[in-house]
Amino acid sequence: IDWDDPEDPIRLQVLPRGAELDVDSRESTDPIGDLAHSPVPRLTHRYPDRALLYPTYQCAVYCRHCFRKESLNDGNRGFSARALEPALAYVAAHPELREIILTGGDPLLLADREVRWIRERLEAIPHLRLLRVHTRIPVVLPSRVTAGLVEALEGSRMVVVVTHFNHPREITAEAEEACRRLRKAGFVLLNQSVLLRGVNDDTDTLEELFRELVYRLGARPYYLHHCDLTPGLTHFRTTIDAGMAIMRELRGRLSGVCQPTYVLDLPGGHGKVPLGPNWVEGREAHRWLFADWNGETHPYEEVVPETR
Ligand SMILES: *Cc1c(COP(=O)(O)O)cnc(C)c1O
Ligand code: SF4
């Protein structure tokens with residue numbers, strides 16, 4: 001944090017502001033409807049093939065923009081093997097589950113032996129193919145990414161680590177070292193960011209962020225999240241139009257490898273919707289009009305068996 005700058009983008013993410021006391025009645029403590037899809041404690045099962053598992057509700061840093069902030073900060077909700085048994089039994093009993101997403105809280109705040117215990121318990125479930133770890137540790141506590149932690153995660157299943165960088169200044173030499181360790185173990189690195197007013201809601205900042213995530217960290221931008229309807233976050237939100245305009249500009253400035261999908265998580269637990277931008281300017285049957293990355297419009301006619 002640059003302490004001389006009251007609008008410093010890292011400060012805005014971690015220090016509370018008075019504006020958070022302005023709660024809109026349309027905001028909710030369960031903004032994306034996780035409760036409706038939690039059949040047992042510490043698990044959310046919304047999509048058929050993947051579920052969220054919460055090994056702890058504690059984090060290394062408490063982000064002001066967190067959509068799950070209402071369930072964090074409770075000292076009684078750290079890791080405990082007993083608390084996770086119902087969720088593990090649920091996963092074992094649902095063969096349609098192929099991916100488990102460790103989230104929270106921050107799963108990498110656990111001790112190495114706890115991470116290993118979870119990984120081994122999940123590996124004993126034959127239908128699970130992939131382990132995902134959603135974590136802010138490489139950003140806010142990169143020294144936690146030790147050889148022991150990497151070893152605890154390494155096993156028989158594919159591991160995807162999804163980080164949470166929101167601003168290019170968060171990409172430090174220490175973060176680079178942490179990501180190198182994870183990549184060397186063969187883990188796939190992805191990143192999700194949240195679009196935040198005053199932090200990263202301009203094309204130059206996001207262009208630098210998404211490019212440097214790939215070029216310095218080897219972490220592919222996965223999602224850019226529209227800010228959820230969490231209580232007190234009105235001041236952080238941009239319009240969807242503004243987000244789509246930034247995404248349209250980025251298409252012309254960044255390689256495809258560096259492009260995330262801009263998504264909205266629907267309230268009520270209905271899942272994520274990609275928000276475009278929309279490149280279709282018009283259509284009539286099989287004749288389309290598309291915008292290109294320069295903003296020019298071009299016709300395109302489909303040639304497929306039924307149009308001959
Ligand atoms: C976001 C989310 C996922 C993961 O969705 P992907 O599109 O696969 O990244 C899974 N379960 C829940 C409940 C989610 O909110
Ligand atoms: S690290 Fe993740 S779960 Fe924890 S406060 Fe930040 S956004 Fe929320």
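Above this text is the structure in question.
Residues numbered from 1 in each chain as written. Chains lettered and ligands numbered in written order. Predicted model: local features only at pLDDT ≥ 70, side-chain atom pairs only at ≥ 80, totals over all residues. Heavy atoms only, no water.

The subject of this paragraph is the sheet that holds strand β6 (residues 188–195). Judged by pairing direction, the sheet is mixed, and its 9 strands sit side by side in the order β1-β2-β3-β4-β5-β6-β7-β8-β9 without closing on themselves. Only two strands of the sheet have a single neighbouring strand rather than two, namely β1 (43–47) and β9 (271–274). The mean inter-strand angle of the sheet, taken between neighbouring strand axes irrespective of direction, is 25 degrees. Here strand β3 (residues 99–102) runs beside strand β4 (residues 130–134); their pairing, made up of 4 bridges, is parallel. Residue pairing across strands places Ile100 opposite Leu131, the latter belonging to β4. The strands touched by helix α8 (residues 240–253) are β6, β7 (220–226) and β8 (261–266); relative to β8, the strand with the most contacts, the crossing angle is about 160 degrees. (Pairing = 2+ DSSP bridges. Helix = DSSP H or I, 4+ residues; strand = E, 2+ residues; numbered from the N terminus. Axes fitted to C-alpha atoms, helices over the stretch in contact; angles between N-to-C directions. Contact = heavy atoms within 4.5 Å.)

Here we come to helix α6 (residues 173–184). The first and last C-alpha atoms of α6 sit 16 Å apart over 12 residues, in line with the 16 Å expected at 1.5 Å per residue. Turning to α6, its buried residues are Ala175, Glu176, Ala178, Cys179 and Leu182. The buried side chains of α6 occupy one side of the element, clustering within an arc of 165 degrees when seen end-on. What points out from α6, more than 90 degrees from its buried face, is the exposed set Ala173, Glu174 and Lys184. A positive backbone phi angle near 90 degrees is found at Gly186, which sits one or two residues after α6. (Expected span 1.5 Å × (residues − 1). Buried < 20%, exposed > 50% of the residue type's maximum accessible area, 1.4 Å probe, protein only. Arc of directions from axis to C-beta.)

Next up on the list: the side chain of His127. Summarising the element assignment, His127 is placed in the loop between α3 (112–123) and β4. One polar contact links the side chain of His127 to the main-chain carbonyl oxygen of Val91, over a distance of 2.9 Å. In this structure, His127 is in contact with Val91, Ala92, His94, Pro95, Leu97 and Arg98, ignoring residues within four places of it in sequence. (Polar contact = N/O pair within 3.5 Å; in protein donor to acceptor, adjacent residues only side chain to side chain.)

Strand order in the open sheet made by the 3 strands is β10-β11-β12, with antiparallel pairing throughout. One side of each edge strand has no neighbouring strand; the edge strands of this open sheet are β10 (280–284) and β12 (297–301). Geometrically, the sheet is characterised by an average inter-axis angle of 20 degrees between neighbouring strands, direction not taken into account. Judged from the 4 bridges that link them, β10 and strand β11 (residues 287–291) form a sheet pairing that is antiparallel. When the bridges of β11 are listed, Gly282 appears paired with Leu289.

Taken together, the residues surrounding ligand 2 are Cys59, Val61, Tyr62, Cys63, Cys66, Leu72, Gly105, Arg136 and His164. Comparing atom positions with the cavity grids shows ligand 2 to sit within the largest pocket. Of the residues assigned to the shell around ligand 2, the class counts are 6 nonpolar, 2 polar and 1 charged. (Near = heavy atom within 4 Å. 1 Å grid on protein atoms, 1.4 Å probe; cavity = no way out; pocket = protein on both sides within 12 Å on 5 of 7 lines; lining within 4 Å. Sits in = over half its atoms within 2 Å of the grid points. Nonpolar A, V, L, I, M, F, W, Y, C, P; charged D, E, K, R; others polar.)

Among the nonpolar cores identified, the biggest contains 55 residues, and Leu53 and Leu122 are the most heavily contacted of them. Apart from the residues lying within four places of it in its own chain, the contact partners of Leu53 are Arg42, Leu43, Leu84, Ala87, Leu88, Ile100, Ile101, Leu102, Thr103 and Leu122. One finds Tyr54, Tyr57, Cys59 and Cys66 within the second-largest nonpolar core, a separate group that totals 8 residues. (Core = buried A, V, L, I, M, F, W, Y, C linked by side-chain atoms within 4.5 Å.)

Of the two faces of β3, the one carrying Glu99 and Ile101 and the one carrying Ile100 and Leu102 are both buried. Where strand β2 (residues 50–53) lies against β3, 4 bridges are found, and the strand directions are parallel. Considered in β3, the bridge of Leu52 is made with Ile101. Note on the crossover from β3 through α3 to β4: the handedness is right-handed. (Right-handed = clockwise from strand over helix to strand, strands pointing away.)

So, to be careful, I would describe these as geometric facts and stop short of saying anything about function.
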